[in-house]
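The lines below spell out each chain.
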Amino acid sequence: MRTQSAVSWLRTYFSRNKKVIICTLVAFIVGVIAGVVACVRSVDGDFERVARADMEFGAFKVFFISLLALLGGYFVVLIAGTNTKTVFLIFLPFLTLGFVCGEYSCALVARYETLGLINLLVIYLPFFLITLVCLIVCSVSSLMPDCSCGGGIKPSFLTALKIFGINVAISFVLFVIIGSIFGVIIVSVY
């Protein structure tokens with residue numbers, strides 16, 4: 001019974017917000033393609049393999065860098081939802097997320113081989129996909145017309161704050177807790 005209601009809710013949510021969801025997914029895919037192309041072109045397709053002894057690991061460093069990137073992305077989404085003149089900014093976090101996802105995926109597989117692939121599948125790819133879903137939900141909330149409530153705070157801001165908190169908690173689990181088991185590689189293309 002609960003599964004049917006959840007599926008029904010998801011269908012309704014998708015049908016109401018189809019344009020925003022599709023446009024943001026297209027922006028993400030364009031970013032992934034651009035990231036892979038940029039990664040390959042930066043080294044002319046000749047990746048230098050990295051030995052395990054030379055790999056740099058740092059779960060907390062990657063977590064804090066991702067925290068700053070998430071903060072910037074959610075800030076841009078909130079700015080984009082303020083009026084119709086800034087709505088085009090909504091694509092920037094998705095293009096950036098896609099670019100970094102493509103670049104990191106390419107570098108992890110090409111330079112770090114097996115350990116890089118494990119890092120990609122266990123840590124980085126789940127982070128990118130969860131962040132994508134959270135940003136889509138935040139974008140839909142931010143682009144909805146809403147009025148100010150009691151203290152003058154827009155409901156979309158509160159929704160974005162909650163989603164940001166969930167995203168940070170998930171990235172903490174992925175990078176710090178799971179990353180302490182597998183070792184989070186600090187990715188570099190060169």
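Residues numbered from 1 in each chain as written. Predicted model: local features only at pLDDT ≥ 70, side-chain atom pairs only at ≥ 80, totals over all residues. Heavy atoms only, no water.

Our next topic: the side chain of Thr24. As for its placement among the helices and strands, Thr24 is situated in helix 2 (residues 18-42). Here Ile21 takes part through its backbone oxygen, which lies 2.9 Å from a polar atom of the side chain of Thr24. With sequence-adjacent residues up to four places away left out, Thr24 is seen in contact with Phe91, Phe94 and Ile136. (Helix = DSSP H or I, 4+ residues; strand = E, 2+ residues; numbered from the N terminus. Polar contact = N/O pair within 3.5 Å; in protein donor to acceptor, adjacent residues only side chain to side chain. Contact = heavy atoms within 4.5 Å.)

Our next topic: the packing of aromatic side chains. We describe a pair of aromatic rings using the distance from one ring centre to the other and the angle between the two ring planes. Within the structure shown, the criterion is met by 10 aromatic pairs. Pairing Phe63 with Phe172 gives two aromatic rings, centres 5.4 Å apart and planes at 80 degrees, and the pair type is edge-to-face. Taken together, the residues Phe63 in helix 3 (residues 59-80) and Phe172 in helix 5 (residues 155-182) connect sequence positions 109 residues apart. Of the residues examined, Phe63 reaches a relative accessible area of 6% and is grouped as buried. Put simply, the rings of Tyr104, Tyr124, Phe127, Phe128 and Phe175 pair up and form one aromatic cluster. (Phe/Tyr/Trp six-rings, centres within 6.5 Å; stacked < 30°, edge-to-face > 60°. Buried < 20%, exposed > 50% of the residue type's maximum accessible area, 1.4 Å probe, protein only.)

The next point concerns the packing of helix 2 against helix 4 (residues 91-143). At their nearest, the axes of helix 2 and helix 4 sit 9 Å apart, and the two run at 150 degrees to each other. By the angle between their axes, helix 2 is roughly antiparallel relative to helix 4. Pair helix 2 / helix 4 crosses with right-handed handedness. Residues that form the contact of helix 2 with helix 4 fall into these classes: 25 nonpolar, six polar and one charged. (Axes fitted to C-alpha atoms, helices over the stretch in contact; angles between N-to-C directions. Parallel < 35°, antiparallel > 145°, perpendicular 65-115°, else oblique. Left-handed = near helix turned anticlockwise from the far one by under 90°. Nonpolar A, V, L, I, M, F, W, Y, C, P; charged D, E, K, R; others polar.)

Before going further, it helps to spend a moment on helix 4. Side chains of residues three or four places apart in an α-helix project in the same direction, reflecting 3.6 residues per turn. Along its 53 residues, helix 4 runs just 12 Å from first to last C-alpha, ending more than 12% under the 78 Å computed at 1.5 Å per residue. If you look at helix 4, its biggest bend is around 150 degrees, right at Glu113. (Expected span 1.5 Å × (residues − 1). Bend = angle between axes of the 7 residues up to and from the residue.)

Before going further, it helps to examine a nonpolar patch on the surface. The grouping of Phe14, Ile22, Val26, Val30, Phe91, Leu92 and Leu95 at the surface amounts to a nonpolar patch, some 550 Å² of accessible area in total. Relative to the helices and strands, Leu95 resides in helix 4. Given the relative accessible area of 33%, Leu95 is considered partly exposed. (Patch = residues over 30% accessible without salt bridge, like charges linked within 9 Å, V, L, I, M, F, W, Y side chains within 5 Å. Areas by Shrake-Rupley, 256 points an atom, 1.4 Å probe, with all protein chains shown as cover. Salt bridge = Lys/Arg side-chain N within 4 Å of Asp/Glu carboxyl O.)

The subject of this paragraph is the pattern of salt bridges. When the charged atoms of two side chains lie near each other, side chains of opposite charge can form a pair. Counted by the stated rule, this structure contains two salt bridges. Between Glu113 and Arg49 there is a salt bridge, and its shortest N-O distance comes to 2.7 Å. Of this pair, Glu113 sits in helix 4 while Arg49 sits in the loop between helix 2 and helix 3, placing them 64 residues apart in sequence. Exposure remark for Glu113: the relative accessible area of 40% places this residue in the partly exposed category. In this structure, Glu56 and Lys61 form a salt bridge, with 3.9 Å as the shortest nitrogen-oxygen distance. Owing to a relative accessible area of 45%, Glu56 belongs among the partly exposed residues under this scheme.

In this section: the packing of helix 3 against helix 5. Their axes nearest at 10 Å, the elements helix 3 and helix 5 cross at an angle of 160 degrees. It follows from the interaxial angle that helix 3 and helix 5 lie roughly antiparallel. Considering only the axes of helix 3 and helix 5, their crossing is right-handed. Counted together, Ala59, Phe60, Val62, Phe63, Ser66, Leu67, Leu70, Leu71, Tyr74 and Leu78 of helix 3 and Ser156, Phe157, Ala160, Ile163, Phe164, Asn167, Val168, Ser171, Phe172, Phe175 and Val176 of helix 5 form the full contact between these two elements. Split into classes, the residues belonging to the contact of helix 3 with helix 5 amount to 17 nonpolar, four polar and no charged.

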